[in-house]
Amino acid sequence: MSDNALDVKGLSATVGGFKLQDINLSVQKGTIMGLIGENGAGKTTLIKSILNRIQREKGKVFFHGKELVGNEKAIKAKLGVVFDENIYPGSYKPKKIYKSFAPFYKGNYEKRFFELMERFKLDPNKKFIDYSKGMQVKFSIVMALFHDPDLIILDEPTAGIDPVARTDILDLVLDIMQNEEKSVLFSTHITTDLEKIADFITLIDRGRIVFSEQKDELLDSFAVVNVEESAMTDTLRDNLIGVKKSLFGYTGLSSDKEVLNGLSGIKLARPTIEDIMVYSNEVGGDIYD
Ligand SMILES: Nc1ncnc2c1ncn2[C@@H]1O[C@H](COP(=O)(O)OP(=O)(O)OP(=O)(O)O)[C@@H](O)[C@H]1O
């Protein structure tokens, strides 16, 4: 059995005029991988091609070491997915939706289904269409989790919902991760959510992976650098990624903080994931030498 819950190897796919190019990505068992990227970067397309919902031009995808093709039933029984679009009939009540999906899985999960409904305070007597946006997302999460999957793929589950509902969702993901066998691929552009829960971060930009790194190592390896106007030099400018004019001079990102530390007119700050995403975007994703 592989130590990785998911391995994507050399995957390329095209939808419309958009290309996913040579994607390599792994999610280690027992970890949360955050997949970030601006709108249109290719997160949903990547997830769809991982799940074989989009035809691949090349590449292979392995779930716990097994390819989806040829093992689809066994793999999907242990996979929970929240898509970024609604797939449930609006006129159905929760139990009817559960009953239409339950036959895909071996075992009776009704008890767990209602426990998850209760955890998210979802009214079982309302039709899906009468749930608020946040409740619909929570219901989609219940549907992805009732059969106790080992790998959970969440495509923007916290987009467009309020902070309280987002926290409920993140707390549930963290509870699930108490079990070391579980793994999560979590796509979002709300990078603060990943600061709370992710172990690894993958940045995708225009259909390519910019980096896929351990979160703390990533945040440790960069600094946001504030440079007073008078302290700016050509050498310093060359050292900064995505340098921009700011109120007090210039701001940029650097991977060379040891060199910069202690120089006068310069202040270093720990970056957020958002800083790394925004500055790398300024230079077309190319933040590594
Ligand atoms: N079926 C399709 N036909 C044509 N173009 C498509 C199709 N699906 C996606 N695209 C294009 O592929 C690109 C990537 O879209 P995708 O939805 O994967 O991005 P994303 O990173 O998930 O964005 P967002 O954060 O806005 O959801 C976009 O330019 C989109 O217009």
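Bear in mind that the values here come from a model prediction, so they are computed numbers and not experimental data.

Now for the site of the ligand. Taken together, the neighbourhood of the ligand is formed by 13 residues, with Gly40, Lys43, Thr44, Thr45 and Glu156 sitting nearest. The backbone of Ala41 places a nitrogen or oxygen atom 3.2 Å from an oxygen atom of the ligand. Burial of the ligand by the protein chains amounts to 58% of its free accessible area of 640 Å². The element contributing the most residues to the shell around the ligand is helix H1 (residues 43-50), with three residues. Classifying every residue of the shell around the ligand gives three nonpolar, seven polar and three charged.

Moving on, we get to the sheet that holds strand E7 (residues 151-155). In any sheet, the strands associate via hydrogen bonds between backbone groups, in a parallel or an antiparallel arrangement. Within the open sheet, the six strands sit side by side as E6-E7-E8-E3-E9-E10. Their pairing is mixed. Strands at the two margins of the open sheet, each flanked by one partner only, are strand E6 (79-82) and strand E10 (208-214). Each strand axis lies, on average, 15 degrees off the axis of its neighbour in the sheet, ignoring direction. Against the sheet, helix H6 (residues 163-176) engages strand E3 (32-36), E7 and strand E8 (183-187), with an angle of about 155 degrees to E8.

Below, the discussion takes up the side chain of Thr31. The topology assignment puts Thr31 in the loop between strand E2 (18-28) and E3. Using a relative accessible area of 9% as the deciding quantity, one classes Thr31 as buried. Beyond its immediate stretch of four places on either side in the chain, Thr31 contacts Met177, Lys182, Ser183, Val184, Asp199 and Phe200.

With that settled, the discussion passes to the packing of aromatic side chains. In the structure shown here, the tally under the stated rule is 14 aromatic pairs. The interplanar angle of 80 degrees and the centroid separation of 5.6 Å between the aromatic rings of Tyr88 and Phe139 together place this pair among those described as edge-to-face. Here Tyr88, found in the loop between E6 and helix H3 (94-101), pairs with Phe139, found in helix H5 (residues 133-145); they are 51 residues apart in sequence, far enough to count as distant. When the ring of Tyr98 is compared with that of Phe146, the centres are 4.9 Å apart and the planes differ by 75 degrees; the resulting orientation is edge-to-face. Placement of Tyr98 in helix H3 and of Phe146 in the loop between H5 and E7 is noted, with a sequence separation of 48 residues between them. Each member of the pair, Tyr98 together with Phe146, is buried. Taken together, the ring pairs in this structure connect Tyr88, Tyr98, Phe101, Phe104, Tyr105, Tyr109, Phe113, Phe114, Phe128, Tyr131, Phe139 and Phe146 into an aromatic cluster. For Arg53, the ring lying beneath its charged end belongs to Phe83, and the centroid distance is 4.1 Å.

Further remarks concern the UniProt feature "domain: ABC transporter" (unreviewed entry) in the chain. With numbering matched to this structure, UniProt assigns "domain: ABC transporter" (unreviewed entry) to residues 3-231. Along residues 3-231 one finds 32% helix and 30% strand; the C-alpha atoms at either end are 49 Å apart.

So, on to the layout of surface pockets. Leftover empty space is mapped by rolling, across the atoms, a probe with the size of a water molecule. Empty space within the largest pocket amounts to approximately 730 Å³. For the largest pocket, the lining is made up of 31 residues, of which Val81, Val82, Phe83, Ile87 and Tyr88 are closest to its centre. Elements that contribute at least two residues to the lining of the largest pocket include exactly helix H2 (72-77), E6 and H5. For the lining of the largest pocket, the element with the highest residue contribution is H5, accounting for six residues.

One can find Ile169 in helix H6. Taking C-alpha positions, Ile169 is 12 Å from Val82, a pair spaced 87 residues apart along the chain.

Next up on the list: the pattern of salt bridges. Tallied over the full model, the rule gives 16 salt bridges. Arg53 is the salt-bridge partner of Glu85, the closest N and O atoms lying 3.6 Å from each other. Highlighted residues: Glu85 in the loop between E6 and H3 and Arg53 in the loop between H1 and strand E4 (58-63), separated in sequence by 32 residues. Taking the relative accessible area as the measure of exposure, Glu85 reaches 38% and is therefore partly exposed. For Arg53, a relative accessible area of 44% puts it in the partly exposed group. Residue Lys138 pairs with Asp168 through a salt bridge whose shortest N-O separation is 2.9 Å.

Conventions and cut-offs
- Residues numbered from 1 in each chain as written.
- Predicted model: local features only at pLDDT ≥ 70, side-chain atom pairs only at ≥ 80, totals over all residues.
- Heavy atoms only, no water.
- Near = heavy atom within 4 Å.
- Polar contact = N/O pair within 3.5 Å; in protein donor to acceptor, adjacent residues only side chain to side chain.
- Areas by Shrake-Rupley, 256 points an atom, 1.4 Å probe, with all protein chains shown as cover.
- Helix = DSSP H or I, 4+ residues; strand = E, 2+ residues; numbered from the N terminus.
- Nonpolar A, V, L, I, M, F, W, Y, C, P; charged D, E, K, R; others polar.
- Pairing = 2+ DSSP bridges.
- Axes fitted to C-alpha atoms, helices over the stretch in contact; angles between N-to-C directions.
- Contact = heavy atoms within 4.5 Å.
- Buried < 20%, exposed > 50% of the residue type's maximum accessible area, 1.4 Å probe, protein only.
- Phe/Tyr/Trp six-rings, centres within 6.5 Å; stacked < 30°, edge-to-face > 60°.
- Lys NZ or Arg CZ within 6 Å of the ring centre and 35° of its normal.
- UniProt positions renumbered as here; feature names shortened; annotations may be inferred.
- 1 Å grid on protein atoms, 1.4 Å probe; cavity = no way out; pocket = protein on both sides within 12 Å on 5 of 7 lines; lining within 4 Å.
- Points joined across faces, edges and corners; volume = space filled by probe spheres on them.
- Salt bridge = Lys/Arg side-chain N within 4 Å of Asp/Glu carboxyl O.

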